[in-house]
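What follows is the residue order along each chain.
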Amino acid sequence: MKWNKIYALSLRHIYLIKGSFPRILDLIYWPTIQIFLWGFISKFFTLSSSYYENTVGIILSAAILYDFLFRSSISYNMMFLEEIWSRNFTNLFIAPIKINEIIAALTFTAIIRTLIGLVPASLLAIPLFGVSIFKIGLPLVFLLISLYIFGVTLGLLVTSGLVRFGPSFENIAWASLFFLAPLGCIYYPIDILPEWLQLIAKLLPLVHLFEEMRSILIDDLVDYFAVLKACIISFIYFIIGIIVFYSSYNGAKLRGTLINMGE
Amino acid sequence: MKLEIKNLVKKFKSTVAVNNISFVIEKNKTLGLLGPNGCGKTTSIGMMLGLITPTEGEIFIDGIKFIPKNRIKLLSLMNFASPYIELPKKLTVRQNLEVYARLYGVSNKIERIEELVEDLKLNNFLDKKTGELSSGQKNRVSLAKSFINKPKLLFLDEPTASLDPDVGDFVREYLEQYKNKNELTMLLASHNMKEVERLCSKIVMMKNGKIVDKGTCGELINKHGRENLEDTFLKIARSKNEVE
């Protein structure tokens, strides 16, 4: 892997973000709306019933972490879609750049897009709702790393679909995360799910991550083993994502779809 | 660089897009790849660029076989331009050239970009977004991108399609001048027969995925008893039987 090539590809996306204020606004807008929405809903529950006391922090923290996952995945997909929309796909794949350099560049650049959106929203939650995600402390770093790896993995799987099926796969890109959300147990404990679904849900890192987040915020207990387990599961999925991407790329070369990829 | 194509075949399920083609482009020569739409030109170029995996056959560039192991090494020595692929529209011309200079590992990026800006007259719109340019300007930018790494082997797919005669002539003249000063082997796919006559030392005619004739311009015109390459092309394209 050559860093200058990874940087070059990242630069293409950094220029794109830098060059458009509406694009930056768009990145900030949706996470902020999400925080406002969940913040007010949880505040309403808290004020209406003592049963829901102290839920604002948990729900809002879950919303921020879920949005982090969502934005990482969407950022990854968006950058790949940009290449298709701008009909730059062929230029990219005939440049002397390795597939793992493309994956690395998209992975690194996705974090920039994600943070542009999430940092202002997370900071806004502090004065508005008195909720700080940073209260989770050091484990937050590991939760974010695990979520990021899983988000990028979902991005990789969707981009594999784009390479395999072309731009018609775009709708799946938007729907992919909503499909996993019910199983992720983001806003509720895993016990809510039927037993057979719990078995499937446990195969995802999300359940372990959000259970851990609740455990830290409610009981002030940190189980680093659970955090590590989530990181390992995310990493396994990431490796699978890379294998699927390579297989789609080789399949696209066989089918000849790389040469005419465009809107 | 010498490009050697040996028994190249590409099948898409039951369709044979490219059927056992072989040809050689000697170092510093330009070969015109001609044929009606859908004859397999783009698929052939796709295989030579490593975008499509051949079903059978081999591609050698300066004796090095084009296989995944050699992909990066060979791609850094070649380039491609076509009006059907574009550069990111939201980036300025300068930003696009910088990104591609970095991707191709150009060591003296600023000087190389300045050279291309001068040669291809890009000064007036260097800081304009690529999507805001006219088709003639876009074409020149696309050409600049294809020359960013000083390629030894260049593939051009209809480089002057949809250009007005003035810009078209400018592009052809640039290609000629560049070739006179630098080592460059070119493969040109074009439907502009005058352009092919002007730039190509040899021609390969394709039809239904096969090579149906090859030779120099003069040889083909004489062989088919026509007055110019356009009429020769029409005769071959419209003939029911394969010529060769």
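Structure: see above.
This report concerns the structure included in the present document.

Conventions we followed
Residues numbered from 1 in each chain as written. Chains lettered and ligands numbered in written order. Predicted model: local features only at pLDDT ≥ 70, side-chain atom pairs only at ≥ 80, totals over all residues. Helix = DSSP H or I, 4+ residues; strand = E, 2+ residues; numbered from the N terminus. Buried ≥ 20, exposed ≤ 12 C-beta atoms within 10 Å, placed from the backbone. Contact = placed C-beta atoms within 7 Å. Nonpolar A, V, L, I, M, F, W, Y, C, P; charged D, E, K, R; others polar. Core = buried A, V, L, I, M, F, W, Y, C linked by C-beta atoms within 7 Å. Domains from an automatic or database assignment. Axes fitted to C-alpha atoms, helices over the stretch in contact; angles between N-to-C directions. Left-handed = near helix turned anticlockwise from the far one by under 90°. Expected span 1.5 Å × (residues − 1). Pairing = 2+ DSSP bridges. Right-handed = clockwise from strand over helix to strand, strands pointing away.

Section: unusual backbone geometry
Outside of glycine, negative phi angles account for most residues, and trans bonds account for most peptide bonds. The phi dihedral of C185(A) falls on the positive side, at around 50°, and the residue is not glycine. Looking at where C185(A) falls in the secondary structure, it is placed in the loop between α7 (170–184) and α8 (195–201). Judged by C-beta crowding, with 25 C-beta atoms within 10 Å, C185(A) ranks as buried. The backbone of D62(B) shows a phi angle near 50°, a positive value even though the residue is not glycine. Positionally, D62(B) belongs in the loop between β4 (56–61) and β5 (64–65). Residue classification places D62(B) among the partly exposed positions, given that 14 C-beta atoms sit within 10 Å.

As for the interface of chain B and chain A
In this assembly, 26 residues from chain B lie in contact with 28 residues from chain A. Put simply, the parts of the chain that give the side of chain B that touches chain A at least two residues each are α1 (41–48), α2 (71–75) and α3 (93–103) of chain B. By residue number, the principal contributor to the side of chain B that touches chain A is α3(B), which donates five residues. The class makeup of the residues in the side of chain B that touches chain A is 15 nonpolar, seven polar and four charged.

Side note on the nonpolar core
One finds L60(A), I64(A), L65(A), L147(A), F155(B) and L188(B) to be the most contacted residues of the largest nonpolar core, which totals 133 residues. At 15 residues, helix α3 (residues 55–85) of chain A tops the list of elements feeding residues into this core. Here this core spans two domains, and each of domain 1 (14–77 + 152–244) and domain 2 (86–151) of chain B adds at least three residues to it. Once you skip the residues sitting within four places of it in the chain, L65(A) turns out to touch L143(A), L147(A) and M213(A).

A few points about the packing of α3(A) against helix α6 (residues 139–165) of chain A
Residue and element names in this part refer to chain A. Where α3 meets α6, the axes come as close as 8 Å, and the angle between the chain directions of the two elements is 35°. Note on packing geometry: the crossing formed by α3 with α6 is right-handed. Its residues placed into classes, the contact of α3 with α6 shows 16 nonpolar, six polar and no charged.

Here we look at helix α5 (residues 135–147) of chain B
Residues and elements named next belong to chain B. Between its first and last C-alpha atoms α5 spans 18 Å; for 13 residues at 1.5 Å apiece the expected length is 18 Å, and the two agree. The element α5 is extensively covered by neighbouring structure, given that 10 of its 13 residues are classed as buried. Taken together, the buried positions of α5 are occupied by K138, N139, R140, V141, S142, L143, A144, K145, S146 and F147. Close packing links the buried residues of α5 with β6 (78–81), α3, α4 (109–119), β7 (153–157) and α6 (165–181).

Structural notes on the pairing of β7(B)
All names here are of chain B. With respect to burial, β7 is a largely interior element, five of its five residues being buried. For β6 and β7, the ladder comprises four bridges, and the chain directions are parallel. When the bridges of β7 are listed, N79 appears paired with L154. One ladder, built from five bridges, connects β7 with strand β8 (residues 185–189); its direction is parallel. Bridge pairing in β8 places L153 opposite T185. Note on the crossover from β7 through α6 to β8: the handedness is right-handed.

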